[in-house]
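Topology and contacts: notes
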Amino acid sequence: MLDQEHAAFIQTGVSVNLASCDADGLGSMIRGLACKVLDDGRVAIFVQRTPCRDLLANVERSGNVASVFSQPSTHRTLQLKGRDARITTVDPRDLAIIRRHTDEFVQEVVPLGVPEAIIRTVYTCDPLDLAAVVFTPCAVFIQTPGPRAGEAVA
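Remember, it's a predicted structure, so these values are computed and weren't measured experimentally.

So, on to the side chain of Asp129. Summarising the element assignment, Asp129 is placed in the loop between α4 (116-122) and β8 (130-135). Every residue in contact with Asp129, bar those within four places of it in the chain, is listed here: Val47, Gln48, Arg49, Thr50 and Pro51.

Laid out in structure tokens, this is it:
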């Protein structure tokens, strides 16, 4: 579902957010620490378990997720939706992906006036408290503000 350009974009230093909802439609959301596109086209978003217990419970219940990837300097934004999300453990090798993402996000937002120390604090994580939410994108939308916002990617 993701072409190479979009797969590359979501794996750079962009803002990553992941959401789901409970049976009553009440949403829960968390900032993702990074993501990677797996060889089979599924997407893994790395999160801290403790601050997103509600989201993880919603994912376990429904498998439904929406994720947004946005580049702050340009507002370029892509949304992915999935219906088969599951929670997995994080491979220790994926910690390098999280570190690289953090470094790239720092490079993205420091020129916009966000202090590096704040970003490093937000992205600080306990490796023992990590989870990966893995899903197959079933819909991809351009969400960059402008005339194409909301347009499905073919």
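Still more ground to cover, so stick around.
Overall, antiparallel pairing links the four strands, which are arranged β3-β4-β8-β7 in an open sheet. Each edge of the open sheet carries a strand with a single partner, namely β3 (34-37) and β7 (86-88). On average, adjacent strands in this sheet sit at an angle of 30° to one another, irrespective of strand direction. By the bridge criterion, four bridges tie β3 to strand β4 (residues 43-48) in an arrangement that is antiparallel. By the bridge assignment, Val37 is partnered in β4 with Val43. Running at roughly 125° to β7, helix α2 (residues 53-62) makes contact with β4, β7 and β8 of the sheet. Packed onto the sheet, helix α3 (residues 95-109) meets β3, β4 and β8 and runs at close to 120° relative to β3.

Bringing the pattern of salt bridges into the picture now. Applying the stated rule across the entire model yields eight salt bridges. Salt-bridge contacts for Glu104 lead to Arg100; the nearest nitrogen and oxygen are separated by 3.7 Å. Of this pair, Glu104 and Arg100 both sit in helix α3, four residues apart, which is roughly one turn of the helix. On the accessibility criterion, Arg100 (39% relative accessible area) is partly exposed. Via salt bridges that share partners, Asp103, Glu116 and Arg120 belong to a single interconnected network.

Calculation rules
For every chain, the first residue of its written sequence is number 1, and the numbers climb from 1 along that sequence. For this predicted model, a pLDDT threshold of at least 70 governs which residues receive local features, and a threshold of 80 or more governs which side-chain atom pairs are given and counted, while totals over whole chains, interfaces and linings are taken from all residues. Working from all heavy atoms in the structure, the side-chain values ignore hydrogens and water. Secondary structure elements follow DSSP: runs of H or I of four or more residues count as helices, runs of E of two or more count as strands, with numbering from the N terminus. In this analysis, two residues are considered to be in contact whenever any of their non-hydrogen atoms come within 4.5 Å of each other. In this scheme, strands are said to pair when DSSP sees at least two bridges between them. Note on geometry: axes are C-alpha line fits, over the in-contact stretch for helices, and angles between N-to-C directions span 0 to 180 degrees. The salt bridge definition used is simple: a Lys or Arg side-chain nitrogen within 4 Å of an Asp or Glu carboxyl oxygen. Per-residue accessibility, obtained with a 1.4 Å probe over protein chains only, is compared with the maximum for each type, and a residue is labelled buried under 20%, exposed over 50%, and partly exposed between these values.

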